[in-house]
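Secondary and tertiary structure notes
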Amino acid sequence: MQWITAIIKPFKLDEVREALAEAGVHGMTVTEVKGFGRQHGHTELYRGAEYVVDFLPKLKIELAVSDEQLEHAIEAIVGTARTGKVGDGKIFVSALEQVIRIRTQEVDADAL
Amino acid sequence: MRSSRLLAGAAALALLPLSAFAQAASVTKLDSGDTAWMLTASMLVLMMTIPGAALFYGGMVRAKNLLSVMMQCFAITALITVLWIVYGYSLAFSTEGMHAGITGWHSFIGGLDRAMLAGLTPDSRYQTVPESVYVMFQLTFAIITPVLIVGAYAERMRFAAMLWFSALWFTLVYLPIAHMVWSGPGSLLGDLGVLDFAGGTVVHINAGVAGLVACLVIGKRRGWPHTHMPPHNLGYTVIGASLLWLGWFGFNAGSAVAANGSAGMAMLVTQIATAAAAIGWTAVEWTVHKRASVLGIASGAVAGLVAVTPAAGTCGPGGALLIGLAAGVICFFTATRLKYRLGYDDTLDVFGVHAIAGIVGALLTGPFAAASLGGFGHVASAWGQLWIQAKGVGFTIAWSALLSVAILKLLDRTLGLRVDAEQEQMGLDLAEHEERAYDLQR
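Residues numbered from 1 in each chain as written. Chains lettered and ligands numbered in written order. Predicted model: local features only at pLDDT ≥ 70, side-chain atom pairs only at ≥ 80, totals over all residues. Heavy atoms only, no water.

**A few points about helix H6 (residues 131-153) of chain B**
Residues and elements named next belong to chain B. So the rule is basically this: Each helix corresponds to a stretch of at least 4 residues labelled H or I by DSSP, and each strand to a stretch of at least 2 residues labelled E; elements are numbered beginning at the N terminus. Working rule for helices: expected span equals 1.5 Å times residues minus one. The cut-offs for exposure are 20% and 50% of the maximum accessible area for each residue type, with area from a 1.4 Å probe on protein chains only; residues under the lower value are buried, those over the upper are exposed, and the others partly exposed.
Here H6 contains 23 residues, and its C-alpha end-to-end distance of 35 Å stays within 8% of the 33 Å for a straight helix at 1.5 Å per residue. When you tally the buried positions in H6, you get 21 out of 23 residues, the bulk of the element. Positive backbone phi, approximately 80°, marks Glu 155, located one or two places after H6.

This is the structure:
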């Protein structure tokens, strides 16, 4: 099992969610976050006082997938979240040791 | 016509007996049109303070200080009203002991013969309006002047110290200057021939200079200018600027103290100068910063309103256009460059906008009062009047600066002007009033 954390542009959420659903992903967690990578923030100017805003609003999507699903899930995210401009975000993948569904106590593949 | 101008041919005033209003009242007939307009104008000027200035300033501070600024505007409104009744109106407008051309004690300050509005009845008149309406109209000017200073010390002054400062400043700075300019024959600056139709000197230069002094004495906000302190709600600021613009017709056209041609012309030139200044500020900003900002166009409009105030009774449409344009362009630089260059933390640019636009307007009032430059001020010479205006400006700057320093230093030694560091960080809304403007988490 794999744990995917993707940072995407906020306006891409709906497309990404639909593509992931088509790829067989049944659930995810979405968080509003702020951060920066290669994309720079913006500046604001009030009566000569310039403020550089470094952190940009992004969405963080977190989901657990089986090893077989991983490639499809990544393709789904990349295929929909990409605009080709700086600031499209990143996908982080890490190994996932255990999953437990709280209601039934099913584990791992059954719990996904 | 309310004005101090001997040169402007204030014929009605000149014909009056030299002493009390009461005598003047008995010889003039009430005009219901004038009265209706002055009732309306008084309400418009009060609206400039609450909610106009409260919103204009409130939008520019950080969210944690919004209520403190609104509270300051509201509390000053109540405080000055009471002081005005007890002694303010009398010290500003009593003509006791005044004689045209003679400089004496009462050229600087009125007597106390009208304290507690002594002698005021429903039949008392000021020119063609009930004196009660004139008392009310002038009160709204006395209220907005200390309110303008709020912008300079915003986000760090103790509420109690703010109340003491406003009361003392009103008494020692506003009342004498209003008397010296507006109380008629025998007043110091009035006899000098200074033109100040609606209060460029009395209100705006006076308050703007006090603002500079206040922010210097009280010191910078913690973290300024390195910490981000952007305005928290420019929507409020635009609403406030719009209410100021609208209310200013009461301020300027009301200063004719009649519903007549002078009032109509004052209204028109106010609109012209305000629009020209908004365009002037925005044009320079667009050139320099490649953006036309909301805060910029609102600030420019206010600069134009301030600048045309002393000229509103004497300049023509062309003069208003140039006065407004000059104020908008100059104030762009004084509000966006000067304080960073010199390093004083005038929170909301009371000096950069009000004092500077006030000075620009007061000086340009001189030449643009002349018939040769399209004015109606009946002045002897455009440049001669410029020099007279400069003397009025210089005197007001000196009076306001010296007494403001004295008042602030005294209060700093006794009460303490500033909240402590922790309270400043917490914001004055919670620290001083134990309230919050916004509770969006619930």
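**Quick look at the packing of aromatic side chains**
Residue and element names in this part refer to chain B. Short version of the rule: Between the rings of Phe, Tyr and Trp (Trp by its six-membered ring), a pair exists once the centres lie within 6.5 Å; its type follows the angle of the planes, with under 30 degrees stacked, over 60 edge-to-face, and the other angles tilted.
Counted according to the given criterion, the structure contains 22 aromatic pairs over all chains. Seen from their ring centres, Trp 84 and Tyr 89 are 5.8 Å apart, and the 65° between their planes marks the pair as edge-to-face. Between Tyr 344 and Phe 351 the ring centres are 6.4 Å apart and the planes differ by 85°, which places this aromatic pair in the edge-to-face class. Here Tyr 344 falls in the buried class, since its relative accessible area comes to 5%. A residue is classified by how much of its surface remains accessible, and Phe 351, at 14% relative accessible area, is buried. Taken together through their ring pairs, the aromatic side chains of Trp 84, Tyr 87, Tyr 89, Phe 93, Tyr 126, Tyr 134, Phe 170 and Tyr 174 make up a single cluster.

**Describing the interface of chain B and chain A**
Selection rule: Residue contacts are defined here by distance: any two heavy atoms, one from each residue, within 4.5 Å place the two residues in contact. Note on definitions: buried area is the accessible-area loss of two parts on being combined, 1.4 Å probe, summed for both. Definition used for salt bridges: Asp or Glu carboxyl oxygen within 4 Å of a side-chain nitrogen of Lys or Arg. Side-chain atoms alone can form a polar contact between residues adjacent in sequence; in general such a contact is a pair of N or O atoms within 3.5 Å, and within protein one must be able to donate a hydrogen while the other accepts it.
Residue-level contacts link 18 residues of chain B with seven residues of chain A. Where chain B abuts chain A, roughly 1000 Å² becomes buried across the two surfaces, and 62% of that area is made up of carbon and sulfur atoms. When residues of chain B are sorted by the area they lose upon contact with chain A, His228(B), Leu295(B) and Tyr340(B) head the list and together hold 35% of the total. Taken together, chain B and chain A are joined by one salt bridge. Here Arg47(A) and Asp349(B) are joined by a salt bridge, their closest N and O atoms 3.0 Å apart. The tally of links between chain B and chain A comes to four residue pairs in polar contact (both at pLDDT 80 or more). Residue assignment for the side of chain B that touches chain A shows that the elements contributing at least two residues are helix H3 (32-60), helix H11 (261-289), helix H12 (294-308) and helix H13 (317-342) of chain B. With three residues, H13(B) is the single largest residue contributor to the side of chain B that touches chain A.

**Some thoughts on the confidence of the model for chain A**
Where we set the bar: Every residue is assigned a pLDDT by the predictor, reflecting its confidence on a scale from 0 to 100.
Model confidence for chain A is summarised by a mean pLDDT of 93, while 100% of its residues fall at 70 or above. Across chain A, the element-wise mean pLDDT spans from 85 in strand E4 (residues 49-53) of chain A up to 97 in strand E1 (residues 2-8) of chain A.

**Concerning the sheet that holds strand E6 (residues 89-95) of chain A**
In sheet architecture, strand pairing relies on hydrogen bonds along the backbone and comes in two forms, parallel and antiparallel. All names here are of chain A. So the rule is basically this: Should DSSP find at least two bridges between two strands, the strands are taken to pair. Axis definition: a line fitted to C-alpha atoms, over the contacting stretch in the case of helices. Angles run 0 to 180 degrees between N-to-C directions.
Here four strands make up an open sheet; going across it, the order is E2-E5-E1-E6 and the pairing antiparallel. Lying at the two open borders of the sheet, with one neighbouring strand each, are strand E2 (29-35) and E6. Across the sheet, the mean angle from the axis of one strand to that of its neighbour is 20°, orientation sign disregarded. Bridge count for E1 against strand E5 (residues 56-65) is seven bridges, and the pairing is antiparallel. The residue of E5 that forms the bridge with Ile 4 is Leu 63. Sheet strands in contact with helix H1 (residues 13-22) are E1, E2 and E5, and its direction is about 10° off that of E5.

**Examining the packing of H11(B) against H12(B)**
Residue and element names in this part refer to chain B. Our working definition: In this scheme, roughly parallel covers angles under 35 degrees and roughly antiparallel covers those over 145, while 65 to 115 is roughly perpendicular and the rest are oblique. Definitions for this section: a left-handed crossing has its near helix turned counterclockwise from the far helix by less than a right angle. A right-handed crossing has that turn clockwise.
Contact pair H11 / H12: the axes reach a minimum separation of 7 Å and the direction vectors enclose 140°. In terms of axis orientation, H11 runs oblique to H12. Relative to H12, the crossing made by H11 is right-handed. Packed against H11, whose contacting residues are Val 269, Thr 270, Ala 273, Thr 274, Ala 277, Ala 278, Trp 281, Thr 282 and Glu 285, the element H12 presents Gly 296, Ile 297, Ser 299, Gly 300, Ala 301, Ala 303, Gly 304, Leu 305 and Val 308 at the interface.

**Side note on the pairing of E1(A)**
Residues in a regular strand point their side chains to alternate faces of the sheet. Residues and elements named next belong to chain A. Here E1 lies mainly inside the structure; five of its seven residues are buried. Relative to E6, E1 runs antiparallel, the two sharing seven bridges. Paired with Ile 7 across the strands is Lys 90, a residue of E6.

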